[in-house]
Amino acid sequence: MDEPSMPTLTPPAHSPGPPAPPIPLAELLASKDLGLRRIAGPAEAELLWVHTSEMADPYPYLLGGELLLSAGVLLTDPDHYVARLVEAGAAALGFGVRPVHETVPEALIEACDRYGLPLLEVPPETPFTTIARAVWRLMAEARHRELRRVTRAQQALATAAARPDPVPAVLHQLAAQLSGRAVLLTGRGEEVHAAGRRPPPEAAAALARLARVVARERPGSPASATDTHGGTHLAAYALGGGEGLALALATRRREAGDHTVAGIAVVLLSLLAAPHQGADAADRSAALVRLLLGATPAEVAPLLGSAGPWTVIHARRSDGTTADALTAGALGASLGSALVDAGREGGDTVRVLLPSTAGEATREAGGGEAAATREATPQPGGGEAAARREVTPQPGGEEPPTPPQAPTVPPQPGWTLGVSTPTPLAALGSADLRAARALAHAEATRAPLTVDTPVTGLAALIPPGQAAAHARTLLAPLTPPLADTLRCWLSLHGSWDRTAVALAVHRNTVRQRIGRCAVLLGVDLNDMDVRTELWFALRQE
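Residues numbered from 1 in each chain as written. Predicted model: local features only at pLDDT ≥ 70, side-chain atom pairs only at ≥ 80, totals over all residues. Heavy atoms only, no water.

A. Quick look at the overall build of the chain. Tallying secondary structure elements over the chain gives 19 helices and 17 strands in all. When burial is assessed residue by residue, the chain has 40% of its 541 residues classed as buried. Taking contacts inside the chain between residues at least 6 apart in sequence as the whole, the part at least 24 apart equals 62%. Counting only carbon and sulfur atoms, one obtains 56% of the accessible surface of the chain, whose full area is about 28400 Å². (Helix = DSSP H or I, 4+ residues; strand = E, 2+ residues; numbered from the N terminus. Buried < 20%, exposed > 50% of the residue type's maximum accessible area, 1.4 Å probe, protein only. Contact = heavy atoms within 4.5 Å. Areas by Shrake-Rupley, 256 points an atom, 1.4 Å probe, with all protein chains shown as cover.)

In structure tokens form, the structure reads like this:
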């Protein structure tokens, strides 16, 4: 028997959540061994708890969502009794027959029909504890199913986040997991990315309004919000650090684990969409301000993570689509740089500026003093003369210049990359041009990545000033478009078709330009010596 009734007490305004997902009443009735039979009230209900009470008014001790089990020991006013259960939020009433009542009282049946409370008849041979055990078992099974579903969803979303286009991929996977619509919206309700079946226009408008509620453009905005519109369940979640972005969901039904799955997507999208925070962001902001106020690039370069050298990367999506800012930012993160230009005059090329740290420079140079030591060490079979040749100074007392090393940039799935040689800050304009040429070469040869390799070998032995002067004299008759065409044609070994692809022109245009180059230069471009000298000159630009 429960404690004496205390009518002055009221249930807490916010009851703690259930330990497991709710159980549909139909699942409990499907357990044939219990012998339960619904005799009044609606067929649909969700059970959160099981509670047994023989009090005349158990209202003060109910949390809501219970299957209340009673034999009606103190039942005197069925109408008032049912009204209080409904007011307390009980999900259903299980009435046990015998030994108090031979049958379920008719007045109780009528009251349950009137107030819309499901009424179950419990046979004498079914103990209340058996029903409670069955409910807890069903809850454990539901919890297990929910955990398995969440685990599978987490793995699928994490895999999507590792794709070349992580934001659209995560939204597509989320829409598939929830069987609904997933949209990334700005604080003004503008759609950034979307996946899944589009809801009715009225529901879509309601979803945009809900996203504006959670978008963190003003203090005090909630982190999430839910609503229902015409049978469509709506939910919106603010992205942490996403500059007013919100994830909005529209589904036809809600299932256990949906909120958890959405929470996983929110974390991933927040990481993918958020700008780099903290001291790095402050340094980049300071660098921009100083540049606008007249500082030179050399003065602000240390604020960007390195004084040099720098690598310029040009990238385009392999499928020909234009990358948005979020996808471009994900590429930059994969390459290890936050310095990303997502669009250039409406074009589809993404540019990334990759700084070199001191450690990277050391690794690329071969290990500092240890490398110098290895160079001065006599090689087998070379004797002391070989060692002397390696350390012999050049005329004028200057050491031969060490050519820059090719950067170790890995290919990126879904992207075609053109990479420049590591370049001093003052020559970034030239590196940008070289990266563009490397990208064109990669697309023409259908390679995922092309690196503009540094000048090495015999060409590197000629003083740069003399080489540049010779190149200017030799190529003076050519206009910039002709020089670019000749350079591309030579880099592709004289292929008309590939050069046309790289320059985005017709192959006959390439033939005409190359013919014009031969006339202006007065040379035979079929001569290998001529090609070699021209290539050497073109490499100086």
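B. Structural context of the packing of aromatic side chains. Counted by the stated rule, this structure contains 1 aromatic pair. When the ring of Trp-489 is compared with that of Trp-496, the centres are 5.4 Å apart and the planes differ by 35°; the resulting orientation is tilted. Here Trp-489 falls in the buried class, since its relative accessible area comes to 3%. Over the aromatic face of Tyr-59 sits the side chain of Arg-84, whose NZ or CZ is 4.0 Å from the ring centroid. (Phe/Tyr/Trp six-rings, centres within 6.5 Å; stacked < 30°, edge-to-face > 60°. Lys NZ or Arg CZ within 6 Å of the ring centre and 35° of its normal.)

C. The arrangement of helix 2 (residues 78-88) in detail. Those residues of helix 2 not exposed but buried are Pro-78, Tyr-81, Val-82, Arg-84, Leu-85 and Ala-88. For helix 2, the angular spread of the buried residues around the axis is 160°, confining them to a single face. Contact partners of the buried residues in helix 2: strand 5 (66-70), strand 6 (92-96) and helix 3 (106-115). Directly beyond the C-terminal end of helix 2, a positive phi value near 90° is found at Gly-89. (Arc of directions from axis to C-beta.)

D. Fine view of the nonpolar core. In this structure, Leu-157, Leu-171, Leu-174, Leu-239, Leu-247 and Leu-249 are the most contacted members of the largest nonpolar core, which totals 30 residues. Those elements giving two or more residues to this core turn out to be helix 4 (128-161), helix 5 (166-178), strand 8 (180-185), strand 11 (232-238), strand 12 (246-251) and helix 7 (258-273). Per element, the largest residue contribution to this core is 8 residues, and it comes from helix 7. Not counting chain neighbours up to four residues away, the residues in contact with Leu-157 comprise Val-170, Gln-173, Leu-174, Val-261, Ile-264, Ala-265 and Leu-268. Judged by nonpolar contacts, the second largest core, of 22 residues, contains Ile-23, Leu-47, Leu-69 and Ala-134. (Core = buried A, V, L, I, M, F, W, Y, C linked by side-chain atoms within 4.5 Å.)

E. Geometry of the pairing of strand 16 (residues 415-419). Here strand 16 lies mainly inside the structure; 5 of its 5 residues are buried. Here strand 16 shows a buried face lined by Trp-415, Leu-417 and Val-419 and a second buried face lined by Thr-416 and Gly-418. Bridge count for strand 13 (residues 310-317) against strand 16 is 5 bridges, and the pairing is antiparallel. When the sheet's bridge partners are listed, Ile-313 is paired in strand 16 with Val-419. With 3 bridges connecting them, strand 16 and strand 17 (residues 449-451) associate as parallel partners. What sits directly across from Leu-417, in strand 17, is Leu-449. Taken together, strand 16, helix 14 (residues 428-445) and strand 17 constitute a β-α-β crossover, and its handedness is left-handed. (Pairing = 2+ DSSP bridges. Right-handed = clockwise from strand over helix to strand, strands pointing away.)

F. Broad picture of the sheet that holds strand 16. One open sheet holds the 5 strands; their spatial order is 14-15-13-16-17, and the pairing between them is mixed. Pairing within the sheet leaves two strands with one partner each, and these edge strands are strand 14 (340-341) and strand 17. Together, strand 13, strand 14, strand 15 (350-355) and strand 16 form the strand contacts of helix 10 (residues 325-335), whose direction differs from that of strand 15 by roughly 25°. Lying on the sheet, helix 14 is in contact with strand 13, strand 15, strand 16 and strand 17; it crosses strand 13 at an angle near 35°. (Axes fitted to C-alpha atoms, helices over the stretch in contact; angles between N-to-C directions.)

G. Highlighting the packing of helix 16 (residues 480-491) against helix 17 (residues 496-503). The N-to-C vectors of helix 16 and helix 17 enclose an angle of 130°; their axes lie 9 Å apart at closest approach. The orientation of helix 16 relative to helix 17 falls into the category oblique. Taken as a pair, helix 16 and helix 17 cross one another with a handedness that is right-handed. Residue-level inspection shows Thr-485, Cys-488 and Trp-489 of helix 16 in contact with helix 17, the latter providing Trp-496, Thr-499, Ala-502 and Leu-503. For the contact of helix 16 with helix 17, the residue count by class is 5 nonpolar, 2 polar and no charged. (Parallel < 35°, antiparallel > 145°, perpendicular 65-115°, else oblique. Left-handed = near helix turned anticlockwise from the far one by under 90°. Nonpolar A, V, L, I, M, F, W, Y, C, P; charged D, E, K, R; others polar.)

H. Up close: the side chain of Glu-54. By secondary structure assignment, the location of Glu-54 is in the loop between strand 4 (49-52) and strand 5. There is no salt bridge for the buried Glu-54, and the closest opposite charge comes from Arg-98, which lies 15 Å off by N-O distance. (Lys, Arg positive; Asp, Glu negative; His and termini not counted. Salt bridge = Lys/Arg side-chain N within 4 Å of Asp/Glu carboxyl O.)

The values are spatial; any link to function lies outside them.
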